[in-house]
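Structural features, examined
Chain by chain, the residues:
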Amino acid sequence: MNNNLANNARRDFLKKGSLGVLGLTMAPTLFAQARANGRLRTAHIGLGSMGMADLNAISSHDLVDVVALCDVDSSPLAKAKALHPNAKTFADYRVMLKELKNEIDAVIVSTPDHTHAPASMMAMQLDKPVYCQKPLTHHVTEARAMKKLAAKKNLVTQMGIQVHSFYDYKLATLLIQSGIIGKVHTVRAWSPKNWGFDGPSPSGSDPVPANLDWNLWQGTAPERPYKEGYYHPGNWRKILDYGCGTLGDMGVHIFDTPYNALELDVPMTIVNECRQPTGFGFPEHNTVTYEFPQTNYTAETLKWVWYDGTGAPSAHEDLKLPNGEELPDQGAMFMGEKGRLLLPHFQQLPRLIVDGKYQKMDIEKFNLGAPVKDYESESKKHYHQFVDACLGKDECSAPFSYSARLTETILLGVIAGRFPNQTLHWDSKKAKFAEKEANQYLDGKYRKF
């Protein structure tokens, strides 16, 4: 690799803070958001499996005081309360934010996807920095609204995409931007996870568990009877009203590095090869093809193919590895003028492939230090970065200005699943599809609850 290219890539990367073309600088109001005593008081909305992980990581920062906990399920709420006995507890985030608006410095949103935007928007309207889990929103219009409000109020924001701060992904970004494989013309990404459901919607209803407030769990989503095993806990990602399927789950993680490294915006066209819509669950298998306009790191257009579901990805010449090796379970492959770069997901170094053979890379040129193989410590970086940014000591690498565009891209592929094998044309300036029938899925009607 050319030393000048490597050094230039590293300088650009550090200057941009891994934000692609955003070029953000430290917001002037960051110090004003920190408490006078230099500590951060946090409120946590959603305390299930991911919510508990978020709580543990945020609270591990020495300057954080957890002051409020909120969950519609009293079981995880009690577990969180046991860890933070001084925190006040709530079932309804709206009540919490109203009552404690002067006692909270930042809000962490770890709910199912359909509540991300309603909770985050309310917090931001109260001038609170927000850490929100991925995907940022359930609808395209919500992503744009959250990006706009965060910018208007100059708030610290971060999407919960922890791998964005991992060594391996930072390295892949630097390698691509150094020109190691030249202009990239295709990216293929995959996950064999199945957050889809091809069956019919359930009939009848089951008794709501005593620990669950079903009305609050549904939130702004359409009202439906409770059915054991279909929604809470754990299965909501499969259902149209609440989640975003495998693409909205693993796609966000695996898309992130190629999206960031290639400095992509939103796509021009999207087509999803999948089964016909059922109106209830996401398809169990999706092959989504995006076409993006040219950037400094791509060919005239960039083709991006996503595969998910059991058995993904489909066999393709682009995905053949040297020595007959098998592909990593999840990951992405960059195809460029000079070769290919394989990026496994996760905690495996990227690998350069030229003329069907692995090639050595001089990664020390990028001065990133030694690879870190401790998931917990790597993950905490992303959370602590948010805390430090709220205290005026750092910048967030996945603010809503970046993560809203990434989420929009993901959600356009999700919408394409409602129009199998049909190419949809996206007009980013107008925020509309040329195919008018698809525009109804850009937002949703909020139920009063």
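Remember, it's a predicted structure, so these values are computed and weren't measured experimentally. (Residues numbered from 1 in each chain as written. Predicted model: local features only at pLDDT ≥ 70, side-chain atom pairs only at ≥ 80, totals over all residues. Heavy atoms only, no water.)

1. Topic: the overall build of the protein
Scanning the protein from N- to C-terminus turns up 12 helices and 16 strands. In terms of C-alpha radius of gyration, the protein reaches 22 Å, essentially the compact-globule figure of 22 Å for 449 residues. C-alpha extents for the protein along the principal axes are approximately 60 × 55 × 40 Å. Residues classed as buried in the protein amount to 57% of the 449 residues present. By sequence separation, contacts in the protein at least 24 residues apart represent 72% of the contacts at least 6 residues apart. On the protein, roughly 18,500 Å² of surface is accessible, and the fraction owed to carbon and sulfur atoms is 50%. (Helix = DSSP H or I, 4+ residues; strand = E, 2+ residues; numbered from the N terminus. Rg over C-alpha atoms; globule rule 2.2 N^0.38 Å. Buried < 20%, exposed > 50% of the residue type's maximum accessible area, 1.4 Å probe, protein only. Contact = heavy atoms within 4.5 Å. Areas by Shrake-Rupley, 256 points an atom, 1.4 Å probe, with all protein chains shown as cover.)

2. Overview of the confidence of the model for the protein
Overall, the predicted model of the protein reaches an average pLDDT of 93, with 92% of residues at or above 70. The low-confidence segment residues 13-33 (pLDDT under 50) makes 46 contacts with residues lying over four places distant or belonging to another chain. (pLDDT = per-residue confidence, 0-100.)

3. Examining the sheet that holds strand β7 (residues 184-191)
Strand order in this open sheet of 10 strands is β14-β13-β12-β11-β7-β10-β9-β8-β15-β16, and the pairing throughout is mixed. Looking at the sheet topology across the chains shown, the edges are occupied by β14 (357-359) and β16 (432-433). The pairing of strand β13 (residues 351-354) with β14 spans 3 bridges and is classified as antiparallel. Bridge assignment links Val354 to a residue of β14, and that residue is Lys357. Helix α8 (residues 167-177) rests against β7, β11 (331-336) and β12 (340-344) of the sheet, and its axis sits at about 165 degrees to β12. Together, β7, β9 (286-293), β10 (298-308), β11 and β12 form the strand contacts of helix α10 (residues 245-261), whose direction differs from that of β10 by roughly 150 degrees. (Pairing = 2+ DSSP bridges. Axes fitted to C-alpha atoms, helices over the stretch in contact; angles between N-to-C directions.)

4. As for the sheet that holds strand β5 (residues 130-133)
Taken together, the 6 strands give an open sheet; going across it, the order is β3-β2-β1-β4-β5-β6, and neighbouring strands pair in parallel fashion. Unpaired on one side and paired on the other, β3 (88-90) and β6 (157-160) mark the two borders of the sheet. Each strand axis lies, on average, 20 degrees off the axis of its neighbour in the sheet, ignoring direction.

5. A look at α8
In terms of residue burial, α8 counts as a mostly covered element, since 10 of its 11 residues are buried. Where α8 is concerned, the buried positions are Tyr167, Asp168, Tyr169, Leu171, Ala172, Thr173, Leu174, Leu175, Ile176 and Gln177. Looking one or two places after α8, you find Gly179, whose phi comes out positive at around 90 degrees.

6. Details of the nonpolar core
Counting residues in hydrophobic clusters, the biggest one holds 89 residues, and the most contacted among them are Met96, Met124, Leu262, Trp304, Phe334 and Phe433. Here this core gets 10 residues from one element, more than from any other, and that element is helix α12 (residues 400-416). (Core = buried A, V, L, I, M, F, W, Y, C linked by side-chain atoms within 4.5 Å.)

7. Here we look at the pattern of salt bridges
Throughout the structure, instances matching the rule amount to 19 salt bridges. One salt bridge connects Lys153 with Asp127, and the closest N-O pair in it is separated by 2.9 Å. Of this pair, Lys153 sits in helix α7 (residues 140-153) while Asp127 sits in the loop between α6 (116-125) and β5, and the two are 26 residues apart along the sequence. What makes Asp127 partly exposed here is its relative accessible area of 44%. Measuring nitrogen to oxygen at the nearest pair gives 3.7 Å for the salt bridge that ties Glu325 to Arg351. (Salt bridge = Lys/Arg side-chain N within 4 Å of Asp/Glu carboxyl O.)

8. Structural notes on the packing of helix α3 (residues 49-59) against helix α11 (residues 375-390)
Orientation of α3 relative to α11, taken along the N-to-C sense of each, is 65 degrees, at an axis distance of 9 Å. The two elements α3 and α11 cross, and the hand of that crossing is right-handed. Side by side, α3 and α11 meet where Met50, Ala53, Asp54, Ala57 and Ile58 of the first sit next to Lys380, Tyr383, His384, Phe386 and Val387 of the second. Among the residues forming the contact of α3 with α11, the class breakdown is 7 nonpolar, 1 polar and 2 charged. (Left-handed = near helix turned anticlockwise from the far one by under 90°. Nonpolar A, V, L, I, M, F, W, Y, C, P; charged D, E, K, R; others polar.)

9. A few points about the environment of Cys396
Tracing the chain through its elements places Cys396 in the loop between α11 and α12. Sequence separation of Cys396 and Leu264 is 132 residues, and the distance between their C-alpha atoms is 19 Å.

10. A word on the packing of aromatic side chains
Following the criterion strictly, the structure yields 23 aromatic pairs and no others. Measuring from ring centre to ring centre gives 5.7 Å for Tyr131 and Phe386, while their planes differ by 70 degrees; the resulting arrangement is edge-to-face. Note that Tyr131 is positioned in strand β5 and Phe386 in helix α11, a separation of 255 residues in sequence. Judged by its relative accessible area of 0%, Tyr131 is buried. Through a chain of ring-to-ring contacts, three or more aromatic side chains come together here, namely Phe197, Trp214, Trp217, Tyr226, Tyr230, Tyr231, Tyr242 and Phe280. Across from the ring centre of Phe449, 3.8 Å away, lies the NZ or CZ of Arg94, which sits over that ring. (Phe/Tyr/Trp six-rings, centres within 6.5 Å; stacked < 30°, edge-to-face > 60°. Lys NZ or Arg CZ within 6 Å of the ring centre and 35° of its normal.)

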